[in-house]
Structures are given as C-alpha cells and as structure tokens.
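Residues per chain are reported as follows:
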Amino acid sequence: MKLTDVELRRIRLPLVAPFRTSFGTERSRDALLVRVLTADAEGWGECVAMIDPLYSSEYVDACADVLRRFLVPALAEVPQLNGATVEPALRKFRGHRMAKAALEMAVLDAELRQRGVPLSQELGAVHTSVPCGVSVGIMGSIGELLDTVGGYLEAGYVRIKLKIEPGWDFAPVAAVRERFGDDVLLQVDANTAYTLADSHHLAGLDPFNLLLIEQPLDEEDVLGHVELAKRISTPICLDESITSARAATDAITLGACQIVNIKPGRVGGYLEARRIHDVCVAHGVPVWCGGMLETGIGRAANLALAALPGFTLPGDTSASSRYYHTDITEPFVIENGHLSVPTGPGIGVEPIPDALEEVTTSKEWLSW
Ligand code: NPG
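Residues numbered from 1 in each chain as written. Predicted model: local features only at pLDDT ≥ 70, side-chain atom pairs only at ≥ 80, totals over all residues. Heavy atoms only, no water.

Caption draft 1: Structural view of the site of the ligand. As a structural note, the neighbourhood of the ligand is formed by 17 residues, with Ser135, Asn191, Lys263, Leu293 and Tyr323 the closest of them. Asp316 places a polar main-chain atom, nitrogen or oxygen, 3.4 Å from an oxygen atom of the ligand. Across the complex, the protein chains shield 100% of the 430 Å² of accessible surface that the ligand would expose by itself. For the shell around the ligand, the class distribution of residues is seven nonpolar, three polar and seven charged. For the shell around the ligand, the domains that each give at least three residues are domain 1 (3-116 + 350-361) and domain 2 (121-340). (Near = heavy atom within 4 Å. Polar contact = N/O pair within 3.5 Å; in protein donor to acceptor, adjacent residues only side chain to side chain. Areas by Shrake-Rupley, 256 points an atom, 1.4 Å probe, with all protein chains shown as cover. Nonpolar A, V, L, I, M, F, W, Y, C, P; charged D, E, K, R; others polar. Domains from an automatic or database assignment.)

Caption draft 2: Representation of the packing of aromatic side chains in the model. This model, assessed by the stated rule, comprises five aromatic pairs. Between Phe170 and Phe208 the ring centres are 5.4 Å apart and the planes differ by 75°, which places this aromatic pair in the edge-to-face class. Of this pair, Phe170 sits in helix 6 (residues 170-180) while Phe208 sits in the loop between helix 7 (199-203) and strand 8 (213-214), and the two are 38 residues apart along the sequence. Where Tyr323 meets Tyr324, the ring centres are 5.9 Å apart and the plane angle is 35°; that geometry is what we call tilted. Assessed through its relative accessible area of 4%, Tyr323 is described here as buried. Residue classification places Tyr324 among the buried positions, given a relative accessible area of 2%. The cationic tip of Arg159 hangs over the ring face of Trp288; the distance from NZ or CZ to the ring centre is 5.3 Å. (Phe/Tyr/Trp six-rings, centres within 6.5 Å; stacked < 30°, edge-to-face > 60°. Helix = DSSP H or I, 4+ residues; strand = E, 2+ residues; numbered from the N terminus. Buried < 20%, exposed > 50% of the residue type's maximum accessible area, 1.4 Å probe, protein only. Lys NZ or Arg CZ within 6 Å of the ring centre and 35° of its normal.)

Caption draft 3: Up close: the sheet that holds strand 5 (residues 133-136). Read from one edge to the other, the open sheet built from seven strands follows the order 5-6-7-8-9-10-11, with strand pairing classed as parallel. Each end of this open sheet is capped by a strand with a single partner; those strands are strand 5 and strand 11 (287-289). Pairing of strand 9 (residues 236-238) with strand 10 (residues 259-262) involves two bridges; the strand directions are parallel. Bridging across to strand 10, Cys237 finds its partner in Ile259. Where helix 11 (residues 270-282) meets the sheet, it contacts strand 10 and strand 11, and its direction lies at approximately 170° from that of strand 10. (Pairing = 2+ DSSP bridges. Contact = heavy atoms within 4.5 Å. Axes fitted to C-alpha atoms, helices over the stretch in contact; angles between N-to-C directions.)

Caption draft 4: Local environment of the sheet that holds strand 1 (residues 3-21). Across the sheet, which stays open at both edges, the four strands sit in the order 3-2-1-13 with antiparallel pairing between neighbours. Strands with a single pairing partner mark the edges of an open sheet, and in this sheet they are strand 3 (42-47) and strand 13 (360-365). Within the sheet, the average angular offset between the axes of one strand and its neighbour, ignoring direction, is 20°. Its contacts with the sheet put helix 1 (residues 60-76) on strand 1, strand 2 (24-38), strand 3 and strand 13, and the angle it makes with strand 1 is roughly 155°.

Caption draft 5: Molecular detail of the pattern of salt bridges. Under the criterion given, the structure shown has 27 salt bridges. Between Asp189 and Lys161 there is a salt bridge, with its nearest N and O atoms 3.1 Å apart. Placement of Asp189 in strand 7 (residues 185-189) and of Lys161 in strand 6 (residues 159-163) is noted, with a sequence separation of 28 residues between them. The same class applies to Asp189 as to Lys161, namely buried. One salt-bridge network, held together by shared partners, links Glu7, Arg9, Arg35, Glu42, Glu357 and Lys363. (Salt bridge = Lys/Arg side-chain N within 4 Å of Asp/Glu carboxyl O.)

Below, the structure is given as structure tokens:
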C-alpha cells in the first residue's frame, strides 16, 4: 500500500450532559478524524486528544499540526505501507502519541479492509461482546450523582467508575455504596488530583471494597505510587503514567500498580496497546480499556481491543447514547450489559455521510 490522499476533519458533537473531571469540564467533543486513501482502500482513524492540554500535553490543534507537517509527509514516503510499518516510520518524531495513534488506526483500517480482516481478529480477540462500564463525572450534589448512577444501573451498566478529586471522594463513594449496596462493581478515578501527602485520606476509601483507584498521583510520580500502594489496600490502576509497553513493564516491576487501564490513543496506537496487554498478561496484571469520549469510529476499535483475553475487567466502553444524541456511525447499543464487537473488515464501521457532515467544523486534504 502507498498513501495517495489524507484528509483531516474536525468535528464537534455536543455531549448529552457535561462531563466534569478533576482537570476540567467537557461539554462537547471536538475531535479530529483522519481519513487515509490508498489505491485500493480507505481507512478512518480518530484522534483522542482534547481541545486543551489538560489530560495530557497533547491537544487537538497540535495533533493536526504535527500530522500535517511531519507525520503524514513521512508516511507518504513509505512504499510498503501497512499498519505495522507506521510506528517504525514515525519513531524518529518524539512523543505525539495521540496523533500517531490516529494515523496508525486509519492505515490499519485501510489495510484490514483491503485484506477483508476485522480488527478484532487481527489483534487476537477472543470475545464477541464486551461488558460495559460507565464513567460518572463529578456532580453538583450527591442527589444528582445518585440519580445518575441509578439510571446507569437501570440501563444495565455492569461497573460504575466515579470521578473523584479532593472534596469529592469519600462522600460520593459512601453514598453510592449506601444506596446501591456492596455488590455493585465500583471504582474511582482521580486523574492525578492527589499527592502522597494524601495517603492517609485515600486509605479512608479502603473499607468500601473498590475494584481500584485510578491514577491518584501525578503521571510522573511512579515511585509515589509504589509508596502509596504500601499504604492503602485499594488496588492502584495507572492510566496517564502508562505511555508505552516499557512504561507498563517498569510500573508493574516496581510495584506502582496492580491493574492497568489501556487507552490506545495515549500509547501511540492499537499495536502498542496490544503489546501492553501482552506485558500485563505475562505479569498476571488485569487490564481494561479506557475511553476518551470517542465517537463510533474510536469506539468500534476500542471494542475490538477490549475483546482480547487479558481484558478481564469491564472498561469505559459505554453505549453511544451515554455520550451523544446522534453519533457519526450507527450507534452502539447496550444489551444485557454488553456491546457487540464489530465483525466487518477493519474497524467494522463507517461514518454516516449526512451525520458526519452535520457535525463537521472543518476539513482539509493534505498535500506533501
Ligand atoms: O467513557 O469515554 C469515556 C470517558 C471515560 O472517564 C473517562 N475518560 O481520564 O479516563 C479518563 C477520562 C477522560 C475524559 C480523559 C475526558 C480525558 C478527557
């Protein structure tokens, strides 16, 4: 394969409700889509970067810039292009994993469509459906939180993740346990909002039998997590800190985490995500698939990944209706607490042209 054309498309989808985390509030999803054309195939990728560099250093304008100026021109030089040759061709450019991941996803989609192979099969999936967890933002009141969690449980979600920050941690967890009982699979996500000095406070969550606490400390504070793990009994899961298979190996070996959240965008693509899965399986560390408020494009690919055997915990792969009134693909619908893994070639879904146009804010064909 060789690249013939690449389109960068910006879209904006309003969220069904604002989503507040310890680092900010998302009201709409301003995403970047990458569409690649080769002589025989078309492929789509979704970049998970947000509008501001608050979750990580990447942000959507910077991703578009690095794709336009460096990544796509470098890839256009590769004669034997396929999913596996993307990462080696882009390795000389430091960082920019979310931008690289979007481009790799589009090339992989094009390659697999041409070969007639579903992404799930290519990655080594063993399940045809995936259990759905849901991530619940920080709310204005406990009452609002309990109504929201109750609605998700009624809809069939099998695991609840509460976003926490100092001042919104113990009380929401206690309220959810009190209202919905000890059987609900419950976990919390701090998005780096605490320091090691909070370890005594975080130990206060131990009696609630949480599945895990996600990324309590700064992303670079790996040794802080090692120390925290000795002071609390809730298992620690890392998200922001795990940027590669090497970072995963180091964190696990040091004892910084007992569980890993895998987000393909954060680690540079689905192939590195699979390597992290393999590292975790080799160390007996459970993994689950995170989410970045993806449209149906990214969601389809995440479901393929989440169907691998090491994904033994429910992920943030929720139904389309949890995010958007209208998605740009056929919506993913929760059934008996699960979403079906797409079966078509490549990522197995395509944007619906009218729905895509409706939310498009800009489009650009690249030249090189
Ligand atoms: O369901 O896609 C989803 C969102 C899951 O909580 C979620 N994502 O830190 O993991 C995270 C968080 C996030 C949301 C990160 C928005 C960045 C932006």
